Amino acid sequence: MRGGNRMLREDIQGDTSILGLVNYITFLVSATVLGVGFWLASRAKLTDCIAMLHGPVVVLGALLMVISLMGFAGTSFRQSWLVRLYLVATFLIILGLFGLIVFIFASTDRGAGQAITKGRFLEYRLDDYKGLLHDRVADPKYWDTVRTCLRDGDACADMKELERDPNTGKFVEETPDTFYTRKLSPIQSGCCKPPTGCDFIYINETYWTPNPGVPVISDPDCSTWTNDQQTLCFDCGSCKAGVLAGIKKTWRIAGVLLILWLFILVIAYVTGCTAFRNANIRTRRSARCR
């Protein structure tokens, strides 16, 4: 009988150890989710200029971290009600993460850059995008904030590059042919130069002049472009589309990471529920054997 009691206690301790491991995994997942939230916040402030996603991600990560600490306390002090509360709260976080992932991919399922015949980079049109993000950047009041962010963040500062002159060996401004072989970011392509269809004459990366021999096309971005280095094409539809394209890339990366951690969290949750149920059964059996 004593041997049976000892085996029951060992089984209960084993289940408690599993719960502790599950709590540790949950804590690690919460820390990585928080990391993604802070990464999104830095991107929103310095690069993407749209602050929408990082808040919910940070909140979910912080809540998950608090919940994991609650689970540690429940297993350490053998408080079954606290462990039960931890499991219920973890389930709600799983639902929240799932909903957030659906929102990310639903918001970024439309729109893509278009290849041009004379360059390696893509160009972007606002009409190619639909949904919540499109409506946000199309709102003049909201776009004022985004435009200020782009200007203050010197979004076009990295546009200018030098190349070595094969005759003199000195570094000079790159030629149009070299420029069109570059890979530009969506914001650089959409906000820092006029659309290629305008057929403007290249002076340098952020300075272009209308071609007098080419009739003006109907694209309003051609007339919106200005060589004022504080304005450029920040009011163009192509710039808004470039911002959306950058957001799409960032959000998709975050979405893939959240899917990975959701998968890990679900496995940890199922394992934790099983260990908690087994521990309860063995505890009751141990009590009957006394």
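Just so we're clear, the structure is a prediction, and the values are computed from it rather than from any experiment.

## A look at the pattern of salt bridges
Pairing between side chains of opposite charge can happen when the charged atoms of each approach one another.
Phase 1: As enumerated under the stated definition, the model contains 7 salt bridges in all.
Phase 2: For the salt bridge of D48 with R43, the shortest nitrogen-to-oxygen distance reads 3.4 Å.
Phase 3: Judged by its relative accessible area of 4%, D48 falls in the buried class.
Phase 4: For R43, a relative accessible area of 24% puts it in the partly exposed group.
Phase 5: Between E161 and R182 there is a salt bridge, and its shortest N-O distance comes to 3.5 Å. Highlighted residues: E161 in the loop between α5 (140–152) and β3 (162–164) and R182 in the loop between α6 (176–179) and α7 (186–191), separated in sequence by 21 residues.
Phase 6: By relative accessible area, R182 is classed as buried at 10%.
Phase 7: If you follow the salt bridges from partner to partner, you end up with E161, E174, R182 and E205 in one network.

## Describing the nonpolar core
Phase 1: Core analysis: the largest hydrophobic core is formed by 70 residues, its most contacted members being V57, V146, L150, F179 and L258.
Phase 2: Contributing elements (two or more residues each) for this core: α1 (2–46), α2 (54–76), α3 (80–107), α4 (132–138), α5, α7 and α9 (237–289).
Phase 3: Per element, the largest residue contribution to this core is 16 residues, and it comes from α9.
Phase 4: Look past the residues within four positions of L150 in its chain and what remains in contact with it is C49, W143, A155, I187, C191, F234, C239 and V243.

## Things to note about the UniProt feature "transmembrane region" (unreviewed entry) in the protein
Phase 1: Sequence positions flagged by UniProt for "transmembrane region" (unreviewed entry) are, in local numbering, residues 21–41, 53–73, 85–106 and 253–276.
Phase 2: For residues 21–41, helix accounts for 100% and strand for 0%, while the C-alpha atoms at its two ends are 30 Å apart.
Phase 3: For residues 253–276, the end-to-end C-alpha separation is 34 Å, with 100% helix and 0% strand making up the annotated structure.

## Describing empty space enclosed by the protein
Phase 1: Inspection of every chain in the model, using the stated rule, returns 3 cavities of 30 Å³ or more.
Phase 2: As a volume, the largest cavity reaches approximately 60 Å³.
Phase 3: Forming the boundary of the largest cavity are S107, T108, R110, Y129, K130, L133, H134, L244 and K248.
Phase 4: Only α4 and α9 provide two or more residues apiece to the lining of the largest cavity.
Phase 5: Looking at side-chain class alone, the lining of the largest cavity contains 3 nonpolar, 3 polar and 3 charged residues.

Conventions we followed
- Numbers given for residues are sequential positions, taken from 1 along each chain in its written order.
- With the structure being a predicted model, the display of local features is reserved for residues of pLDDT at least 70 and the display and counting of side-chain atom pairs for 80 or more, all residues being used for whole-chain, interface and lining totals.
- To obtain the side-chain values, all non-hydrogen atoms of the structure were used and water was disregarded.
- When a carboxyl oxygen of Asp or Glu lies within 4 Å of a side-chain nitrogen of Lys or Arg, that pair is called a salt bridge.
- Per-residue accessibility, obtained with a 1.4 Å probe over protein chains only, is compared with the maximum for each type, and a residue is labelled buried under 20%, exposed over 50%, and partly exposed between these values.
- By the criteria applied, helices consist of DSSP H or I runs no shorter than four residues and strands consist of E runs no shorter than two, each listed in order from the N terminus.
- By convention a nonpolar core is built from buried Ala, Val, Leu, Ile, Met, Phe, Trp, Tyr and Cys residues, the set being connected through side-chain atoms within 4.5 Å.
- Two residues qualify as a contact provided that any one of their heavy atoms is within 4.5 Å of a heavy atom in the partner residue.
- UniProt positions are given in the numbering used here, feature names are shortened, and annotations may be inferred rather than shown by experiment.
- Two kinds of site are reported from a 1 Å grid over the protein atoms alone, namely cavities, where a 1.4 Å probe fits but cannot get out, and pockets, open sets with protein on both sides within 12 Å along at least five of seven lines, and residues are called lining when an atom falls within 4 Å of a point.
- Grid points are joined across faces, edges and corners, and a volume is the space filled by probe spheres set on the points.
- Residues are grouped as follows: Ala, Val, Leu, Ile, Met, Phe, Trp, Tyr, Cys and Pro are nonpolar; Asp, Glu, Lys and Arg are charged; every other residue, Gly included, is polar.

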